[in-house]
Amino acid sequence: MKTIGYAAQSADSPLAPFSFDRRELRDNDVAMEILYCGVCHSDLHTARNDWGWTVYPNVPGHEIVGRVTAVGPAVTRHKVGDHVAVGCMVDSCQECDHCHNGEEQFCREGNTNTYNSPDRQTGDITMGGYSKHLVAREEFVLSIPETLDLARVAPLLCAGITTYSPLRTWNVGPGSRVAVAGMGGLGHMAVKMAVGLGAHVTVISRTADKKADALELGADAFLVSSDGSAMEKAASSFDVIIDTIPVKHDLNPYVPLLDIDGTLVLVGQVGPLAEPSTVPMILGRRRVAGSLIGGIAETQEMLDFCGRMNILPECEMIRMDEINDAFDRMEKSDVRYRFVIDMASLDEPTS
Ligand SMILES: [Zn+2]
Ligand SMILES: [Zn+2]
């Protein structure tokens, strides 16, 4: 099947229109027309080869919302016309202990990423959602609750599950004291998810600039990390801190904010951190942990939860041909809070 999208041809070339083929339907495949695709920091890092493993041409995009156009003969979960979603993974071995536990993100053989990953049968490099069509096996295609505004669903598929999963892993619910460090695409989603789960939520930010926004998103309190006495007063007052800060930073001011047995969860892939001290970890049995998206079952649970609670990201809609400008703005954190590409713009003449 012929389709069109936007691809990077090298680390330093901007994304540009690109024609390519989607595979013929396998028995358990779902084909969809893509309606919307969110813009994630990983897209930018992959297009520019920041992590050193990009295969070109690269079509990014792993926050995908579409409408089913065809299904293979063995498909039972979805039918033509359904609104569906695809996140960061499109396949896994389906046989290892982690896959059996519904944690395909930790597949022993490695999951197949939605883009820049070899297909398990053909070895062809997967192409993501900055395109008109997608074909994926049904186990990795999610159902979108009818109540949700389709145009704003896409960022749930990466930013949403990345923040929902650690909140569930560390049993956040009514009465939990949650802090969210950093309030960008991931952070604003963490606030909404934690509020939805019934937690008391505090946003931690370097300055007071985002205070009004944080409270509007539902946060109960705001803590300025550069205010030493406020930070001291907040010591031992959180059960969970979701750390979404997207750049190298010092954990030492944050770990003492946890109560005994509290957990700071890193969800941004930033590589080496400044040297963390063992003192607050040992004195308070505090943990520093990481978390990677979530499994398929948990992603569906998250979508259903958002459907019940009407939780949606704050989105700025863009045309496909505005993607390079959007990447530049995202690098400067100049977005409230997630770009979403309206894929109908691929059909229109470029502006
Ligand atoms: Zn992502
Ligand atoms: Zn597996």
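What this report covers is the structure whose coordinates are included nearby. (Residues numbered from 1 in each chain as written. Chains lettered and ligands numbered in written order. Predicted model: local features only at pLDDT ≥ 70, side-chain atom pairs only at ≥ 80, totals over all residues. Heavy atoms only, no water.)

1. Here's the deal with the overall build of the chain
Inference 1: Looking only at helices and strands, the chain has nine helices and 17 strands in total.
Inference 2: Taking 20 Å as the expected radius of gyration for a compact globule of 351 residues, we find that the chain reaches 20 Å, a close match to that expectation.
Inference 3: Contacts in the chain between residues at least 24 apart in sequence constitute 68% of all its contacts with a sequence separation of at least 6.
Inference 4: Counting only carbon and sulfur atoms, one obtains 50% of the accessible surface of the chain, whose full area is about 15300 Å². (Helix = DSSP H or I, 4+ residues; strand = E, 2+ residues; numbered from the N terminus. Rg over C-alpha atoms; globule rule 2.2 N^0.38 Å. Contact = heavy atoms within 4.5 Å. Areas by Shrake-Rupley, 256 points an atom, 1.4 Å probe, with all protein chains shown as cover.)

2. Brief notes about the coordination of the zinc ion (ligand 2)
Inference 1: At 2.3 to 2.4 Å from the zinc ion (ligand 2) lie its protein donor atoms, namely Cys93 (SG), Cys96 (SG), Cys99 (SG) and Cys107 (SG).
Inference 2: Geometry at the zinc ion (ligand 2) is tetrahedral, judged from the four donor atoms that bind it and their angles of 103 to 121 degrees at the metal.
Inference 3: Positions of the donor residues of the zinc ion (ligand 2) along the chain correspond to the pattern C-x2-C-x2-C-x7-C. Exposure class is identical for Cys93 and Cys96. Each is buried. (Donors = N, O, S within 2.8 Å, 3.2 Å for Na, K, Ca; no water. Tetrahedral: all angles 85-135°; square planar, octahedral: opposite > 155°, others 65-115°. Buried < 20%, exposed > 50% of the residue type's maximum accessible area, 1.4 Å probe, protein only.)

3. Some remarks on the coordination of the zinc ion (ligand 1)
Inference 1: Taken together, Cys40 (SG), His62 (NE2) and Cys158 (SG) make up the full set of protein donors to the zinc ion (ligand 1), lying 2.0 to 2.2 Å away.
Inference 2: Ordering the donors of the zinc ion (ligand 1) by residue number gives the pattern C-x21-H-x95-C. Separated by 118 residues along the polypeptide, Cys40 in the loop between strand S3 (29-38) and helix H1 (41-47) and Cys158 in the loop between strand S9 (142-143) and helix H3 (159-169) bring together distant segments of the chain.
Inference 3: In this structure Cys158 comes out as buried when scored by relative accessible area, which is 8%.

4. Remarks on the packing of H3 against helix H4 (residues 185-196)
Inference 1: Orientation of H3 relative to H4, taken along the N-to-C sense of each, is 50 degrees, at an axis distance of 8 Å. By the angle between their axes, H3 is oblique relative to H4. Viewed along their axes, H3 and H4 form a crossing whose handedness is right-handed. Side by side, H3 and H4 meet where Ala159, Gly160, Thr162, Thr163, Tyr164 and Leu167 of the first sit next to Gly185, Leu186, Met189, Ala190, Met193 and Ala194 of the second. (Axes fitted to C-alpha atoms, helices over the stretch in contact; angles between N-to-C directions. Parallel < 35°, antiparallel > 145°, perpendicular 65-115°, else oblique. Left-handed = near helix turned anticlockwise from the far one by under 90°.)

5. Here we look at a nonpolar patch on the surface
Inference 1: A contiguous nonpolar patch, built from Val279, Ile282 and Leu283 and spanning about 350 Å² of accessible area, is present on the exposed surface.
Inference 2: One can find Leu283 in helix H7 (residues 279-284).
Inference 3: What makes Leu283 exposed here is its relative accessible area of 68%. (Patch = residues over 30% accessible without salt bridge, like charges linked within 9 Å, V, L, I, M, F, W, Y side chains within 5 Å. Salt bridge = Lys/Arg side-chain N within 4 Å of Asp/Glu carboxyl O.)

6. Considerations on the packing of aromatic side chains
Inference 1: This model, assessed by the stated rule, comprises three aromatic pairs.
Inference 2: Centroid distance Trp51 to Trp53: 5.6 Å. Interplanar angle 40 degrees. Geometry classified as tilted.
Inference 3: By relative accessible area, which is 30% here, Trp51 ends up partly exposed.
Inference 4: Overall, Trp53 belongs to the exposed group, its relative accessible area being 55%. (Phe/Tyr/Trp six-rings, centres within 6.5 Å; stacked < 30°, edge-to-face > 60°.)

So far we have only geometry, and geometry alone does not tell us how the molecule works.
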